[in-house]
Amino acid sequence: MNGQHLIAGKWVPGKTTFSSTPAHGPSHDYSVGNPALVDQAVQAAEDAFWEFSALSRSKRAELLNKIADEIDARGDAITEIATQESGLPEARIIGERGRTVGQLRMFASHIEEGNYLDCRQDEALPDRAPMARPEMQLMQRPIGPVAVFGASNFPLAFSVAGGDTASALAAGCPVVVKGHSAHPGTSEIVAEAIDTALKEMNLHPGIFSLVQGGNARDVGTSLVQHPLIKAVGFTGSLAGGRALFDLCTSRPEPIPFFGELGSVNPVFLLQQAASNRAAEVGMGWANSLAMGAGQFCTNPGVILMLDNDDANVFTQSAIDTLSTIGSQTMLTEGISDAYRRGTELIRSIDNIEEIFGESSANRQATPNLFTTTGDMWLSNKDLNEEVFGPLGVIVRVKDFDQMMEIARNLDGQLTCTLQIDADDHAEAQKILPVLERKAGRILANGFPTGVEVSDTMVHGGPYPASTNFGATSVGTMSIRRFLRPVCYQNIPASLRHPELN
């Protein structure tokens, strides 16, 4: 670890340092970023934009594949430092690295195909009455330098070379990343991989920079407020994301803030499915709830079902499953502290019963399970707030009408899930249009932990799940965040972009 920032191809020290706090293994010192370093990185990104935005699709695809190669070449080093910093098991880090390089290669293939440019043409109609029509073409063009914030819960797939960076580079936009203080060593190695790929291809070094953040808030503030930054990608807490969103919209030139902020991802267990397989669903839900210590943005924190004997079977199955899951290490001390505070808040609410769980200490978390009524859920907004960790709430509703009422009153979600059997389809048809207005992804008979990286994936949703309901941070459609349509009217063929000829 050199502990420095990567600014346009050069490793640059800072004036002050912070120490990493790994779950295990040695701590290292890293430079703290500042607004001056942010300005250097963004100025270099703007300078690089003219070359990079004009680069052919095949060359940008080559860059993405080369970055993937360089990350894979550092696989052992990444696994070692990432497991130490995050406390995540080796298998999870190896899988996440596979997803990260897979995203890069997916975008390489996507831009090679060229359909994302959405090229359109209207022929001239000089004889049209009462007015002639000019010749016009349209295509999507990159917007400029993009700021990306590393995410605490995905040190690879949502961080330095994660989906935001991959899609922005695919679009032709240089990227400045603010590294997350939870995994600075992982960030450094991945940044080194990107820098090596750029140098091997002799491309402008300003195409990518990494500024380590530490706990310096002025790094993030100066980055989103820099006048040359044209969009921001963020995955994190509602409070932090909303603060950055407000900064983006209050700029003299407001810019889009693509923030993925939080979700309770409700599961609706309809009656026939409950009658046929309550125990099976209870086990599946509990395993999904506690997976990775519940540190997934798609963690299904709430399940709703009719208040009857089938709910008793479901509840016992969930308790039995959670009882086999021991204490798990959380990503940071701050996240574990927030989990304990959230658990205490739920415990303090009247008419909610804790049916499983125990207190946890330090960086550890144990599952906690609560149950309440539909009436209580509707009357207390605190129950609608995400608790990031393995905490679940079982909501027993009086009837399907109350389930529908709860669905209509949901905040925006990343996901909503239906557990249904054939005899539930009539009710499912009623609730599905409601859920379409509430979530970016709707599942049937599964659980939302696990986000497929594909053409059809939508990882976003109405606020507060995300700040832009028309966008996704996962899948090929995420490239649209960093493009904008330009119409060319009567532009001579010799001046037009080659894709339009």
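Just above, that's the structure.
This one's a predicted model, so the numbers in the text were calculated from it and none came from an experiment.

Chemist: Explain the pattern of salt bridges to me, please; I cannot follow it from the model alone.
Modeler: Where charged atoms of side chains with opposite charge meet at close range, the side chains can pair. With the rule as written, the count across this model stands at 23 salt bridges. For glutamate 62, the salt bridge identified is with lysine 59, shortest N-O distance 3.5 Å. On the criterion of helical spacing, the pair formed by glutamate 62 and lysine 59 is a turn pair, its members being three residues apart in helix α2 (residues 57-73). In this structure lysine 59 comes out as partly exposed when scored by relative accessible area, which is 39%. Here arginine 120 ties to aspartate 118 by a salt bridge, and the two come within 3.0 Å at their closest N and O atoms. Residue class for aspartate 118 comes out partly exposed when judged on its relative accessible area of 29%. When salt bridges with common partners are traced through the structure, they connect Asp69, Asp72, Arg97 and Arg105 into a single cluster.

Chemist: How should I be thinking about the pairing of strand β8 (residues 175-179) in this particular structure?
Modeler: Consecutive residues of a regular strand have side chains that alternate between opposite faces of the sheet. Where burial is concerned, most of β8 is hidden: five out of the five residues are buried. Of the two faces of β8, the one lined by Val175, Val177 and Gly179 and the one lined by Val176 and Lys178 are each fully buried. Bridge analysis of strand β7 (residues 146-149) against β8 gives four bridges, and the strand direction is parallel. Along β8, the bridge assignment pairs phenylalanine 149 with lysine 178. At this point the chain moves from β7, through helix α5 (residues 163-171), to the parallel β8, and the crossover so formed is right-handed. Pairing of β8 with strand β9 (residues 208-212), which is carried by five bridges, proceeds in the parallel orientation. Each bridged residue has a counterpart across the sheet, and for valine 176 the counterpart in β9 is serine 209. For the handedness criterion, the β-α-β arrangement of β8, helix α6 (residues 184-200) and β9 is classed as right-handed.

Chemist: Could you clarify how one ought to interpret the environment of leucine 37 in this entry?
Modeler: Here leucine 37 is to be found in helix α1 (residues 35-53). Residue classification places leucine 37 among the buried residues on the basis of a relative accessible area of 6%. Between the alpha carbons of leucine 37 and histidine 5 there is a distance of 8.5 Å; along the sequence they are 32 residues apart. Not counting chain neighbours up to four residues away, the residues in contact with leucine 37 comprise His5, Ile7, Val12, Val32 and Val211.

Chemist: Looking at this structure, how should I read the sheet that holds strand β15 (residues 353-356)?
Modeler: Two modes of strand pairing occur in sheets, parallel and antiparallel, and in both the strands are linked by backbone hydrogen bonds. Read from one edge to the other, the open sheet built from seven strands follows the order β15-β17-β18-β13-β12-β19-β20, with strand pairing classed as mixed. Each of the sheet's edge strands pairs with one partner strand only, and the pair in question is β15 and β20 (439-444). Each adjacent strand pair in this sheet contributes to an overall mean axis angle of 20°, direction not counted. Sheet topology note: the strand β19 (residues 413-419)/β20 ladder contains five bridges and is parallel. Across the sheet, leucine 418 pairs through a bridge with alanine 444, a residue of β20. Strands β12 (267-269), β13 (302-306), β15, β17 (368-373) and β18 (391-397) of the sheet are contacted by helix α10 (residues 309-322), whose axis makes an angle of about 170° with β18.

Conventions and cut-offs
- Residues numbered from 1 in each chain as written.
- Predicted model: local features only at pLDDT ≥ 70, side-chain atom pairs only at ≥ 80, totals over all residues.
- Heavy atoms only, no water.
- Salt bridge = Lys/Arg side-chain N within 4 Å of Asp/Glu carboxyl O.
- Helix = DSSP H or I, 4+ residues; strand = E, 2+ residues; numbered from the N terminus.
- Buried < 20%, exposed > 50% of the residue type's maximum accessible area, 1.4 Å probe, protein only.
- Pairing = 2+ DSSP bridges.
- Right-handed = clockwise from strand over helix to strand, strands pointing away.
- Contact = heavy atoms within 4.5 Å.
- Axes fitted to C-alpha atoms, helices over the stretch in contact; angles between N-to-C directions.

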